[in-house]
Amino acid sequence: MSINIAIDGPSGAGKSTIAKMLARKMEYVYVDTGALYRSIALYMIRNGVDMQNSAEVAEKLSGVDIRLAYENGSQQVILCGENVSELIRTPEISMGASKVSAIPEVRSFLLDLQKDIAQKNNIIMDGRDIGTVVLPNADVKIFLTASAEKRAERRYKELHEKGDPSTYEEVLADINRRDYNDTHRETAPLKKAEGAVEIDTSELTLEQSAQAIAEAIEKRLKLKSAEKKQEPSARREMLDFSGIRPVTDPKKYSRVKLFFYTILRAIVTLVYKIKFKFVIVGKENIVQTGSVVIASNHRTDRDPIWGSLAVRTPCSYMAKEELFKGPKPFVALIKFMGAFPVERGSGDTGVIGTSIEKLQIGRNLMIFPEGTRSKDGKLGKGKTGVALIAALAQVPVVPMAICFKGEKPKFRQKIIIAYGKAIRPDELKISSSDLRQLKEVKKKIMGSIAELVDENVNKL
Ligand code: DC
């Protein structure tokens, strides 16, 4: 299977220069799809076709024969047997290409050619609709932008060096017009593809832009190959939330505590594996470095223990105050496991503060937003506290699902503990503790738990 990298963006953002540089370095084939539209514009101009007249352009396409050839790794466009690579670089052709590219017949005429080359080679392909239409399953998608003024400044310099008499104002007007055409056409308009990494090069030099893209590509390819190989450890490395986790007052566990915790975890896991058919899935989604909220459905008193078994450090969790009045060894044990007391039914606000403190010192926090256990396994509505905590602490939320049939699991019954993909604080759009927004956030978190539950109850 070939590797496909799609780079889209407006004219003059630096796509072709950078894509060419990277393709050479990575030994990939570089495909400049703009050149294809440009060649069609040239063909139409040569044949006296009015490019505003879609029907006429569509009719003339039958005479167009375009091939791509490579000379020392550099793309050459052969139009009806003639190498037109240089001829298509004029402002007149740029404008013509923008016009013909809005015609659906032109786009479908070029689609197979582009798909075909991508299927046969490792490629970096640049254009406007590569990530959205031509290669929606590309391994990496980049959306490269820059302000219109910056792009005009660069293009002006380039043209000026070639002896072109256009003024800066003319170049800027041309870029604005082309931006308008490219983003407003009905078929395959220029827009950021889903899952694309956006890079703004306005304030970056060419080298810095290339570096940023190279890093984005490397990161995505690594993640892709880890996903393909289903290597949880490699994927785990990619769960890099360090920049957004404000661990203000890190407190590490002592080695002795971690040692005993690891042994305890292994023994307890073994006990549950013997007692039940106990399966943990989605371990790669756990952010082992701590400081995330693990939000789960609530089925039994043992949920906090079951949910902690795949995590290498103790998870903090709220427990009923009564439990702390029990026998001393038991209290010591649950404290050791990360429990802290909450006064039930009293609207204990201090618990929010304690929860945030736990996250700020680098602990994971396990929350059961429903508050009470669900006997039949149906997920309740959940309380907004989980959203408030995630909002105030600005931490990712990992959904968790505890699944088994019936009210209480019986001996050797199957239990699935599943972890879902972490939701980043920016995805949750948490910016304030406004109640309406919090409700939305809570809904999103509950939605991801519900999805995970649905997905896994089917496997019971
Ligand atoms: O990237 P460029 O400036 O050489 O592209 C010329 C024109 O072709 C541009 O106005 C938009 C259009 N184009 C397109 O619509 N889809 C592509 N994949 C590539 C270019």
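Residues numbered from 1 in each chain as written. Predicted model: local features only at pLDDT ≥ 70, side-chain atom pairs only at ≥ 80, totals over all residues. Heavy atoms only, no water.

Here's the deal with the overall build of the protein chain
- What the protein chain contains, in helices and strands, is 17 helices and 15 strands.
- Taken over the C-alpha trace, the protein chain has a radius of gyration of 29 Å; the compact-globule value for 460 residues is 23 Å, which it surpasses by more than 25%.
- Its C-alpha atoms put the protein chain at 90 × 45 × 40 Å along the principal axes.
- Within the protein chain, the proportion of its 460 residues that are buried is 48%.
- Within the protein chain, contacts between residues at least 6 apart in sequence are counted, and of these 75% link residues at least 24 apart.
- As displayed, the protein chain offers around 23600 Å² of accessible surface, 53% of which is attributable to carbon and sulfur atoms.
- One finds the centroid of the 73 positive side-chain charges in the protein chain at a distance of 12 Å from the centroid of its 58 negative side-chain charges. (Helix = DSSP H or I, 4+ residues; strand = E, 2+ residues; numbered from the N terminus. Rg over C-alpha atoms; globule rule 2.2 N^0.38 Å. Buried < 20%, exposed > 50% of the residue type's maximum accessible area, 1.4 Å probe, protein only. Contact = heavy atoms within 4.5 Å. Areas by Shrake-Rupley, 256 points an atom, 1.4 Å probe, with all protein chains shown as cover. Lys, Arg positive; Asp, Glu negative; His and termini not counted. Charge placed at Lys NZ, Arg CZ, Asp CG, Glu CD.)

Considerations on the packing of aromatic side chains
- Across all of its chains, the model carries 9 aromatic pairs by this definition.
- Judged by centre distance (5.5 Å) and plane angle (70°), the ring pair of Phe259 and Phe260 falls under edge-to-face.
- Taken together, the ring pairs in this structure connect Tyr272, Phe276, Phe278, Trp306 and Phe404 into an aromatic cluster.
- Positioned over the ring face of Phe404 is Arg299, at 4.2 Å from the centre of the ring.
- Sitting over the face of the ring of Tyr253, Arg363 holds its NZ or CZ atom 3.8 Å from the ring centroid. (Phe/Tyr/Trp six-rings, centres within 6.5 Å; stacked < 30°, edge-to-face > 60°. Lys NZ or Arg CZ within 6 Å of the ring centre and 35° of its normal.)

Focus: the pattern of salt bridges
- The tally for this structure, following the rule as stated, stands at 13 salt bridges.
- With its nearest N and O atoms 2.9 Å apart, the salt bridge here joins Asp129 to Arg107. Remark: Arg107 occurs in helix α5 (residues 104-120) and Asp129 occurs in the loop between β6 (123-127) and α6 (130-134); sequence separation between them is 22 residues.
- Asp129 sits in the buried class, given a relative accessible area of 3%.
- Note that Asp182 is salt-bridged to Arg185, the shortest N-O span being 3.8 Å. (Salt bridge = Lys/Arg side-chain N within 4 Å of Asp/Glu carboxyl O.)

Comments concerning the site of the ligand
- With respect to spatial proximity, 15 residues lie near the ligand, and among them Thr33, Arg38, Arg107, Arg128 and Arg185 are the closest.
- Note that an oxygen atom of the ligand is positioned 3.5 Å from one of the side-chain N or O atoms of Ser101.
- Contact distances for the ligand include 2.9 Å between an oxygen atom and a side-chain N or O atom of Arg185.
- Bound to the protein, the ligand loses 96% of the 450 Å² it would expose on its own.
- Breaking the shell around the ligand down by element, the ones donating at least two residues are α2 (34-46), α4 (91-100) and α8 (168-184).
- For the shell around the ligand, the element with the highest residue contribution is α2, accounting for 3 residues.
- Across the shell around the ligand, the residue classes tally to 3 nonpolar, 5 polar and 7 charged. (Near = heavy atom within 4 Å. Polar contact = N/O pair within 3.5 Å; in protein donor to acceptor, adjacent residues only side chain to side chain. Nonpolar A, V, L, I, M, F, W, Y, C, P; charged D, E, K, R; others polar.)

Let's talk about the confidence of the model for the protein chain
- Residue-level pLDDT values for the protein chain average 88, and 92% of them are 70 or greater.
- Note on residues 232-245: pLDDT is under 50 here. Beyond four places in sequence and across chains, it has 36 contacts. (pLDDT = per-residue confidence, 0-100.)

What about α8?
- Helix length check: α8, at 17 residues, gives a terminal C-alpha distance of 24 Å against a target of 24 Å (1.5 Å per residue), a fit within 8%.
- If you follow the buried residues of α8, they end up packed against α2, α4 and α7 (148-161). (Expected span 1.5 Å × (residues − 1).)

A closer look at empty space enclosed by the protein
- Scanning all chains against the criterion turns up 1 cavity of 30 Å³ or more.
- In this model, the largest cavity occupies a volume close to 40 Å³.
- Every residue along the wall of the largest cavity is listed here: Tyr261, Leu264, Arg265, Val268, Ile305, Ser308, Leu309 and Met337.
- Among the secondary structure elements, those contributing two or more residues to the lining of the largest cavity are α11 (255-275) and α12 (303-308).
- Sort the elements by how many residues they give to the lining of the largest cavity and α11 lands first, with 4 residues.
- Its residues placed into classes, the lining of the largest cavity shows 6 nonpolar, 1 polar and 1 charged. (1 Å grid on protein atoms, 1.4 Å probe; cavity = no way out; pocket = protein on both sides within 12 Å on 5 of 7 lines; lining within 4 Å. Points joined across faces, edges and corners; volume = space filled by probe spheres on them.)

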